[in-house]
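Architecture at a glance
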Amino acid sequence: MTDTPSKQSVYSEETIEQSFDDDEASITPSEEDTGVPTETVSPLGYHVDWTSVIFLNVSRTIGIGVFTTPGTILKGVGSVGLSLIYWVIGFLFSAASLAIYLEYLSYYPKRSGADIAYLEKAYPRPRLFVPALYAFTFVFLSISSSSAIVFAEYIFAALGQEASTWNVRGLAVGMSTFVTLVCMANTKWSLRLSNWIGMIKVATLVFIAVLGLIVLAGGIDRVENPGANFRNAFSGTSTNLNGLANALLKIRFAYVGYENAFSVANEVKNPVPTLKKFAPLSLGIVFILYFMANVAYFATVPKELIKESHELTASLFFEAIFPNREAVVALQVLVALSSLGSVFASTISASRVVRECGRQGLLPYPRLWASTKPFGTPLAPYALRWFISCVIIILPPPGDAFNFIVDLQYYPTAVWALLLTVGLYRIRERRHKAHAPSSAFRVWDSVAAFALAINIGIMILPWVPPEGGIYEGDVSFFYATYCIVGVVIILLAAFLYWIWFSYLPKRGQYRIRQVVDKLSDGAQALRTVRVPLHALAEWDATHDVHGQLISPNTTSPEDYHD
């Protein structure tokens, strides 16, 4: 399946784009010969300012992990010293990965969707193959069900009421519905709510950090022997490879969200300078808060209690300092709010990713997904994400089955992170061969190599067997089942792509081409059409790569079937 792009059409689409952003590096025809047209003026508006950039990242990253996972991390690594080092390693890896995103942004500042847009550019051949795999896994696996469930559980705990399965599910669905409706109705107000909740999260962790410093200074009499955990900090360090590997993976996913604002890049007026400045700032804020919160926990709660705390680390901290139940209730409300903020931030960004999947022609009825009518928001992407999240909340039984479905997204996410890092080298090579000018941001080669090495490690680590045997993992069945199923899902997506792009066209004696649909709200999307083999040569000679006519009096795209 070979397209014959028109140099004139590529220059006219993409060179015009340069005048809208001085920070964008020049784009050559060889790079832009495929892909959905850039929306040089965002049909979603420009509501994302520097504050929203910070808190979209902060709110998405700080979910419930910093309140619940320190005990799991400590149990995996064995010592307080190595536990703190792990949080530093997580920050360094996230910073390296963030630099990868910033270089992609410098090439494509007018593209929202982050991963799906960058993968489309990094892997243009086979056409739409890698983006199709990503779209399939993202649409069905990237959900906020677990955060909604945690929100409901902590609300019931704060109210002192029974948290039965269906009570929790009902409240979780209600919260997801509320968030979705707010986001559907108004982008500006959904961002404001996300920002406000993000500020509450930051204030909560600052409060915890200050309490920890007061404890270390001996200012709280209830805490006996403060700072004892920091003496012989590396005592008890584990040699269990599976425990160390799982702890590193949990640290990795505790920082997920540092790239969240890249999904709305085209809604930022000056995306390159804004994200270049405030995306690293948001990650720095998260790291300082994470590190100081862990210092506070270790200063206050005995090491052995933290190891056995499971998901109650922050609760143990508050109980050690405040004797009354009101303090614990306040913590429970704050954790619930943290979950709510995470759902807001992830819902906003995920809707843009789904919209980009639709714009690329990877979902049926691309006009539906690209449209921003009537409220200036992507209604269909919001509705799809809400529906799938609610299904996952309601259908799986609690326990291993639910946790397994939630964990399914982790391994494909690691695959895409690796492909993005490798893809950056591919883009650099193409730009070098085309003698393209340097971009506004370039990752140091050493940093890119570090990100690549860590991504490869994250692909390998989940396969390390537990010390007690293959059935001694986090679930009651085979420990690496979620990895295997994640790979199978990607292979299934590849099979469906082969059916769509190869088997059916050969059987039906046609080839797939794409045409641009331009909507009245300024949105643009690619729609696939089937061109019969007998008309293929004429089509390729008279249309550019986006299916637009390049010579008069020829057959229009509407004469072919979707």
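Residues numbered from 1 in each chain as written. Predicted model: local features only at pLDDT ≥ 70, side-chain atom pairs only at ≥ 80, totals over all residues. Heavy atoms only, no water.

The name an unreviewed UniProt entry gives the protein chain is High affinity methionine permease, with Lentinula guzmanii as the organism. Among the UniProt annotations of the protein chain, the heading Subcellular location (unreviewed entry) holds the following wording: "Membrane". (UniProt positions renumbered as here; feature names shortened; annotations may be inferred.)

Okay, the environment of L331 next. When you line up the elements, L331 lands in helix α15 (residues 325–359). Residue classification places L331 among the buried residues on the basis of a relative accessible area of 2%. Along the primary structure L331 and E319 are separated by twelve residues, whereas in three dimensions their C-alpha atoms are 10.0 Å apart. In this structure, L331 is in contact with A314, S315 and F318, ignoring residues within four places of it in sequence. (Helix = DSSP H or I, 4+ residues; strand = E, 2+ residues; numbered from the N terminus. Buried < 20%, exposed > 50% of the residue type's maximum accessible area, 1.4 Å probe, protein only. Contact = heavy atoms within 4.5 Å.)

Given a rise of 1.5 Å per residue, 30 residues ought to cover 44 Å, and the 42 Å separating the end C-alpha atoms of helix α12 (residues 271–300) matches this to within 8%. Along α12, 21 of the 30 residues are buried, which leaves the element largely enclosed by surrounding structure. (Expected span 1.5 Å × (residues − 1).)

Of the volumes computed, that of the second largest pocket is approximately 720 Å³. What lines the second largest pocket is a set of 27 residues, and nearest its centre among them are G361, L362, L363, P364 and W500. With six residues, helix α21 (residues 481–508) is the largest single contributor of residues to the lining of the second largest pocket. Among the residues forming the lining of the second largest pocket, the class breakdown is 20 nonpolar, two polar and five charged. (1 Å grid on protein atoms, 1.4 Å probe; cavity = no way out; pocket = protein on both sides within 12 Å on 5 of 7 lines; lining within 4 Å. Points joined across faces, edges and corners; volume = space filled by probe spheres on them. Nonpolar A, V, L, I, M, F, W, Y, C, P; charged D, E, K, R; others polar.)

With that settled, consider the pairing of strand β2 (residues 524–532). Buried residues dominate β2, accounting for seven of its nine residues. Bridge count for strand β1 (residues 510–518) against β2 is nine bridges, and the pairing is antiparallel. Residue pairing across strands places R513 opposite V529, the latter belonging to β2. Between β1 and β2, which follow one another and run antiparallel, lie five residues, and G522 among them has a positive phi close to 95 degrees. (Pairing = 2+ DSSP bridges.)

Moving on, we come to the environment of L56. When you line up the elements, L56 lands in helix α2 (residues 50–61). Judged by relative accessible area, L56 falls into the buried class, the value being 1%. Sequence separation of L56 and S346 is 290 residues, and the distance between their C-alpha atoms is 8.1 Å. Residues in contact with L56, not counting those within four places in the same chain, are V48, L191, S194, N260, V264, A345 and I348.

Bringing the nonpolar core into the picture now. Of all hydrophobic cores here, the largest spans 151 residues; its most connected members are Y104, Y118, I208, F262 and F317. The next biggest cluster of nonpolar side chains, apart from the first, holds six residues, and it includes V515, V529, V531 and A535. (Core = buried A, V, L, I, M, F, W, Y, C linked by side-chain atoms within 4.5 Å.)

Time to look at the environment of Y104. Among the secondary structure elements, Y104 is positioned in helix α5 (residues 80–107). Given the relative accessible area of 1%, Y104 is considered buried. With residues near it in sequence (within four places) discarded, Y104 still touches Y118, A122, L420, G423, L424 and I427.

This paragraph deals with empty space enclosed by the protein. Summed over the entire model, instances satisfying the criterion amount to eight cavities of 30 Å³ or more. Of the voids in this model, the largest cavity is the one considered here, and its volume is about 70 Å³. Around the largest cavity, the lining residues are S144, S176, V179, T180, V343, T347, Y382, R385, W386 and S389. Residue assignment for the lining of the largest cavity shows that the elements contributing at least two residues are α9 (165–185), α15 and α17 (379–394). Top element by residues in the lining of the largest cavity is α17. It accounts for four residues. Here the lining of the largest cavity is composed, by residue class, of four nonpolar, five polar and one charged.

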